[in-house]
Amino acid sequence: MISIEGLTKIFSTTTKNRITAVDDLTLDIKEGEIFGVIGYSGAGKSTFVRLVNRLEEPSAGKVVIDNQDITTLNSNQLRLTRQEIGMIFQHFNLLWSRTVKDNIAFPLEISGVPKREREERVGELIKLVGLAGRENAYPSQLSGGQKQRVGIARALANRPKVLLCDEATSALDPETTNAILDLLVDINEKLGLTIILITHEMHVIRKICNQVAVMEEGRIVEQGDVLDVFLHPKQRVTKKFVEQVMGTEGEHNGVEELVNMYESGKIVRLHFVGESANQALISHVARSFNIDINILQGKITQMQQGAYGTLFVQIDGHTDEIERAITYITDETSVEVEVVRNVE
Ligand SMILES: Nc1ncnc2c1ncn2[C@@H]1O[C@H](COP(=O)(O)OP(=O)(O)O)[C@@H](O)[C@H]1O
Ligand SMILES: [Mg+2]
């Protein structure tokens, strides 16, 4: 649906000083996907997303949305096409002197929608984003989450096919972030909207994205299915992002000390790669076999596709029973088992 080819943006700050903010970027985004782009500050994420709706003019390359090359449009054509691309921002960019409903109506006024139709559409949008009762409030009277809901409603007013989100949750607390991410998933499903989501936070990617691209110095250094990238991060920068949510390998090293506290049984590393319920699995195994399972350490993270992460456990009981339990986990679940140590 969105096809980006050789996209490049060079800023000339002085005659001598040139910054390549986006460097020969090639990317395909499918219809209905929530596509995440992650990178540290200065990686070129905002520039990239502003090139997609041509808030920035590219130095080279193409952006094709629904078979239409955005980069060749004249300003009239561009104005129409922009209605199909909504955008939300970290700091909301609301009109402070307008009420909630007038903020949402603003893009409809610009595109010449008659008043009655506008009011009807604003009513629908207010409901969709969960702002009923706040129609006549001013932005200054709203919480951060509510402000972003206004931003989302306004971005959706002209029924876009694509929604660009530039750090849309970065100014929000964790709970509000989750609520806004849930709303994005909801509109993605209800409206079949394609979403490009820019962030520097891996938990945001983990929670709602299907695909992720990692940006560094204007380039995409790694890209793929979110689960694949979590399981097999290749680049240093990607590993650092995965560590944000998974904890570091260093934490796992500390397991040695814990292991030494046990005088019997087996120390086992359970590697979850998308199993649906980790808690349930462990209690099920402990109940089904005559063994005790102690969770020593580890970090499991819940992703859209299931649980992912590592748990170190100590399994105590008769050797045969432990073997049977391990065989069961290996054969009947997607969890990978590695015996770290036999405690004799
Ligand atoms: N208008 C501009 N003029 C000059 N340099 C810019 C401009 N916008 C961004 N840059 C530079 O381009 C690089 C990428 O910036 P940006 O796209 O904002 O990154 P990110 O959103 O990942 O933090 C940075 O080095 C930044 O300083
Ligand atoms: Mg940015």
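For the structure itself, look to the data block above.
The present account deals with the structure reproduced in this document. From a predicted model like this one, the values you see are computed outputs, not experimental measurements. (Residues numbered from 1 in each chain as written. Chains lettered and ligands numbered in written order. Predicted model: local features only at pLDDT ≥ 70, side-chain atom pairs only at ≥ 80, totals over all residues. Heavy atoms only, no water.)

### Some details on the packing of helix α3 (residues 100-110) against helix α5 (residues 144-156)
Packed helices, taken two at a time, are described by the angle between their axes plus the distance between the axes.
Next, step 1: At their nearest, the axes of α3 and α5 sit 7 Å apart, and the two run at 30 degrees to each other. The angle between the axes of α3 and α5 places the two elements in the roughly parallel class. Considering only the axes of α3 and α5, their crossing is right-handed. Across the interface between the two elements, V100, N103, I104 and P107 of α3 pack against V150, A153 and R154 of α5.
Next, step 2: A class-by-class count of the residues in the contact of α3 with α5 yields five nonpolar, one polar and one charged. (Axes fitted to C-alpha atoms, helices over the stretch in contact; angles between N-to-C directions. Helix = DSSP H or I, 4+ residues; strand = E, 2+ residues; numbered from the N terminus. Parallel < 35°, antiparallel > 145°, perpendicular 65-115°, else oblique. Left-handed = near helix turned anticlockwise from the far one by under 90°. Contact = heavy atoms within 4.5 Å. Nonpolar A, V, L, I, M, F, W, Y, C, P; charged D, E, K, R; others polar.)

### So, unusual backbone geometry
Next, step 1: Despite not being glycine, R159 has its phi angle at roughly 50 degrees, a positive value.
Next, step 2: For R159, the position within the fold is in the loop between α5 and β7 (162-166).
Next, step 3: Look at R159 and you get exposed, because its relative accessible area is 55%.
Next, step 4: Even without a glycine there, the phi angle at E217 is positive, about 50 degrees.
Next, step 5: Relative to the helices and strands, E217 resides in the loop between β9 (211-216) and β10 (219-225). (Buried < 20%, exposed > 50% of the residue type's maximum accessible area, 1.4 Å probe, protein only.)

### Quick word on the packing of α3 against helix α4 (residues 115-128)
Next, step 1: The contact between α3 and α4 brings their axes to 9 Å, and the two run at 125 degrees. Classified by the angle their axes make, α3 and α4 are oblique. In terms of crossing hand, the pair formed by α3 and α4 is right-handed. From α3, V100, K101, I104, A105, L108 and E109 reach across to α4, where they touch R118, R121, V122, L125 and I126.
Next, step 2: Of the residues contributing to the contact of α3 with α4, the split by class is seven nonpolar, no polar and four charged.

### With respect to the pairing of strand β13 (residues 306-317)
Residues in a regular strand project their side chains so that they alternate between the two faces of the sheet.
Next, step 1: Taking burial as the measure, the 12 residues of β13 include 10 buried ones, the bulk of the element.
Next, step 2: Pairing of strand β11 (residues 266-275) with β13, which is carried by nine bridges, proceeds in the antiparallel orientation. Paired with F272 across the strands is G309, a residue of β13.
Next, step 3: Bridge count for strand β12 (residues 291-303) against β13 is 12 bridges, and the pairing is antiparallel. (Pairing = 2+ DSSP bridges.)

### Let's talk about the side chain of N53
Next, step 1: Looking at the element boundaries, N53 is found in the loop between α1 (45-52) and β4 (60-65).
Next, step 2: Exposure remark for N53: the relative accessible area of 3% places this residue in the buried category.

### Notes on the packing of aromatic side chains
Each pair of aromatic rings is reported with the distance of its centres and the angle of its planes.
Next, step 1: Under the definition given, this model contains two aromatic pairs.
Next, step 2: Considering the side-chain rings of Y40 and F241, the 4.5 Å spacing of their centres and the 25 degrees angle between planes classify their relative orientation as stacked. Of the two residues, Y40 is situated in the loop between β3 (34-38) and α1 and F241 in helix α9 (residues 236-246); the sequence distance between them amounts to 201 residues.
Next, step 3: Y40 sits in the partly exposed class, given a relative accessible area of 36%.
Next, step 4: Residue F241 is classed as buried on the basis of its relative accessible area of 0%. (Phe/Tyr/Trp six-rings, centres within 6.5 Å; stacked < 30°, edge-to-face > 60°.)

### Side note on the sheet that holds strand β1 (residues 2-12)
Next, step 1: What the four strands build is an open sheet, ordered β2-β1-β4-β5; its pairing is antiparallel. Each end of this open sheet is capped by a strand with a single partner; those strands are β2 (18-29) and β5 (68-69).
Next, step 2: In this structure, β1 lies alongside β4, joined through five bridges in antiparallel fashion. Note on β4: the bridge partner recorded for I2 is I65.
Next, step 3: Where α1 meets the sheet, it contacts β1, β2 and β4, and its direction lies at approximately 120 degrees from that of β1.

### What about the side chain of K147?
Next, step 1: By secondary structure assignment, the location of K147 is in helix α5.
Next, step 2: Buried charge without a salt bridge: K147, with D173 as the nearest opposite-charge side chain at an N-O distance of 11 Å.
Next, step 3: Beyond its immediate chain neighbours, meaning those up to four positions away, K147 contacts F92, L94, W96, P139 and L142. (Lys, Arg positive; Asp, Glu negative; His and termini not counted. Salt bridge = Lys/Arg side-chain N within 4 Å of Asp/Glu carboxyl O.)

### Notes on helix α13 (residues 319-332)
Next, step 1: Here α13 is 14 residues long and its end C-alpha atoms lie 20 Å apart, about the 20 Å a rise of 1.5 Å per residue gives.
Next, step 2: Within α13, burial applies to E321, I322, A325, I326 and I329. One side of α13 carries all its buried residues, which in axial view fall inside an arc of 135 degrees. Opposite its buried face, α13 presents the exposed residues D320, D331 and E332, each directed more than 90 degrees away.
Next, step 3: In this fold, the buried residues of α13 make contact with β11, α12 (278-288), β12, β13 and β14 (336-342). (Expected span 1.5 Å × (residues − 1). Arc of directions from axis to C-beta.)

### Structural notes on the sheet that holds β9
Next, step 1: If you trace the six strands from one edge of the open sheet to the other, you get β6-β7-β8-β3-β9-β10, paired in mixed fashion. Pairing within the sheet leaves two strands with one partner each, and these edge strands are β6 (85-89) and β10. The average undirected angle you get between the axes of adjacent strands in this sheet is 15 degrees.
Next, step 2: In the sheet, β7 pairs with strand β8 (residues 194-199) via five bridges, with the strands oriented parallel.

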